[in-house]
Amino acid sequence: MQRRAQREQPERAKRLTRVLVCAAAVPVMLVATGCSSDSESDGGGDKAASASASASPSPTVQAAAYRTLPEACGVLSKKTLKDLAPKAKSGKEGSSDDVASRASCSWSSLDNNGVKGSQFRWLNVSLLRFESDTTRGPGDKLAQEYYDKQVREVRATPGAKGLNAQAVADTGDEATAVRYDLKKKEGTFKQQTVVARVENVVVTLDYNGAGLAGDKTPDAAALLSDAKKAAREAVLSVTRANGPSAASGSPSAPASGRPSAPASEAPSASASGKS
């Protein structure tokens, strides 16, 4: 019995060693399993976040109401042109890389070949259309900002004398007429500028006149009345060019990306360089 007990002691010691080794291995496996679980959980979180981000809606802004411009040299009727610039043979179209976004046309009239008793007239119409932009805002807002800028610039014309500004009714969404005198070596030029906004389009009409070679200075009030009439006609041409459904843009329509023409590149109203 004593020998049997002696033989069984080493066997029990071996079994105890194996049990301890296995017991020590269990925490290692648990730790490994726990790390694996955390890693998979983190990966799942990243995927969920990515899916959530991809599901976020793209920024949208209300589409601009007007999508094109009329032909600049055709915005005024023959009768209006005959009244404002009777000796003008044809309009001179301004350069533009996108006539659907920006365009202009000018007419120059001088009777009696500039000799004694000559009347001079210069007429210019500039059109600028703004597209909606997801960063800068809807087209009509951008047009309004440019409209305000144009009016400020006209009112700040260097050398302007007797400047007067007034609102113009029934001409687009908003319009302002600015008139003043510019004295030059040829004579005194009566300048009228009407800036109007209709939806996302800004119309700037410049009209000036002078009596040259001793002829009398034209009546400023008559010139202003003609300028207002022509501005209304130009605004109506913009509306007609876009059809009856032009103002029904969808609020959910995505923006096209960039405005059609930055204000800094737009044609500006000027009387001094053309007359």
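Residues numbered from 1 in each chain as written. Predicted model: local features only at pLDDT ≥ 70, side-chain atom pairs only at ≥ 80, totals over all residues. Heavy atoms only, no water.

Here we look at the overall build of the protein chain
So the rule is basically this: Secondary structure follows DSSP: runs of H or I at least 4 residues long count as helices, runs of E at least 2 residues long count as strands, and numbering of each begins at the N terminus. Remark: exposure states derive from per-residue accessible area (1.4 Å probe, protein chains only) relative to the maximum for the residue type, with buried under 20%, exposed over 50%, and partly exposed in between. By definition in these notes, contact holds between two residues if any of their heavy atoms fall within 4.5 Å. The method behind every accessible area is Shrake-Rupley, applied with a 1.4 Å probe, and residues are considered shielded solely by the protein chains displayed.
Along the protein chain, the regular secondary structure elements total 4 helices and 7 strands. Moving toward the C terminus, one meets the helices and strands of the protein chain in the order α-α-β-β-β-α-β-β-β-β-α. Taken over 275 residues, the protein chain has a buried fraction of 38%. Long-range contacts, defined here as pairs at least 24 residues apart, represent 65% of the contacts in the protein chain between residues at least 6 apart. Carbon and sulfur atoms form 51% of the exposed surface of the protein chain, whose accessible area is close to 15,700 Å².

Focus on helix α3 (residues 139-155)
Test applied: To estimate the expected span of a helix, count its residues, drop one, and scale the result by 1.5 Å.
With 17 residues, α3 should cover 24 Å at 1.5 Å per step; its first-to-last C-alpha distance of 24 Å lies within 8% of that length. Listing the buried residues of α3 in full gives Gly139, Leu142, Ala143, Tyr146, Tyr147, Gln150, Val151 and Val154. Along its buried surface, α3 packs onto β3 (118-129), β4 (161-167), β5 (174-184), β6 (187-198) and β7 (201-212).

Section: the packing of aromatic side chains
We count it as follows: Here a Phe, Tyr or Trp ring, Trp counted by its six-membered ring, pairs with any other such ring whose centre lies within 6.5 Å, and the pair is stacked when the planes are under 30 degrees apart, edge-to-face when over 60, and tilted otherwise. Whether a charge lies above a ring is judged from NZ of Lys or CZ of Arg, which has to be within 6 Å of the ring centre and within 35 degrees of the ring normal.
Counted under the stated rule, the structure contains 2 aromatic pairs. Between the aromatic rings of Phe120 and Phe189, the centroid separation amounts to 6.0 Å while the plane-to-plane angle is 80°, which identifies the pairing as edge-to-face. Of this pair, Phe120 sits in strand β3 while Phe189 is found in strand β6, placing the two residues 69 residues apart along the sequence. Both residues of the pair, Phe120 and Phe189, belong to the buried class. Lying across the ring of Phe189, Lys184 places its NZ or CZ 5.0 Å from the centre.

Things to note about the nonpolar core
Basically, it comes down to this: Buried Ala, Val, Leu, Ile, Met, Phe, Trp, Tyr and Cys residues form a nonpolar core when they are joined through side-chain atoms within 4.5 Å.
Core analysis: the largest hydrophobic core is formed by 34 residues, its most contacted members being Leu76, Trp107, Leu123, Val125, Leu127 and Val203. Other than its neighbours up to four places away in sequence, Trp107 contacts Ala72, Cys73, Leu76, Leu81, Ala85, Ala88, Ser90, Gly91, Arg121, Trp122, Leu123 and Val125. Judged by nonpolar contacts, the second largest core, of 9 residues, contains Ala143, Tyr146, Tyr147 and Val195.

Quick notes on the pairing of β4
Put simply, the test is: Pairing between strands requires that DSSP locate at least two bridges from one strand to the other.
Pairing analysis gives 5 bridges linking β4 to β5, with the strands arranged antiparallel. By the bridge assignment for β5, Ala167 is matched with Thr176. Joining the antiparallel neighbours β4 and β5 is a turn of 6 residues, in which Asp170 adopts a positive phi near 55°.

A short note on the pairing of β7
Burial within β7 is extensive, with 12 of its 12 residues counted as buried. Burial of β7 is two-sided: the residues Val201, Val203, Leu205, Tyr207, Gly209 and Gly211 facing one way and the residues Val202, Thr204, Asp206, Asn208, Ala210 and Leu212 facing the other way are all buried. Two strands pair when backbone bridges link them, and β3 and β7 are joined in this way by 12 bridges, in the antiparallel orientation. In the strand pairing of β7, Phe120 is matched with Ala210. One ladder, built from 9 bridges, connects β6 with β7; its direction is antiparallel. If you follow Gln192 over to β7, its bridge partner there is Tyr207. Linkage of β6 to β7, two consecutive antiparallel strands, is achieved through a turn of 2 residues, within which Glu199 is found at a positive phi near 55°.

Focus: unusual backbone geometry
A positive phi angle, near 55°, is found at Glu199, a position not held by glycine. With respect to the helices, strands and loops of the structure, Glu199 is situated in the loop between β6 and β7. The class of Glu199 is partly exposed, set by a relative accessible area of 24%.

Considerations on the side chain of Ser104
Relative to the elements of secondary structure, Ser104 occurs in strand β2 (residues 102-110). Sequence-distant contacts of Ser104, defined by excluding residues within four places in its chain, comprise Ala72, Lys92, Glu93, Gly94, Val125 and Ser126.

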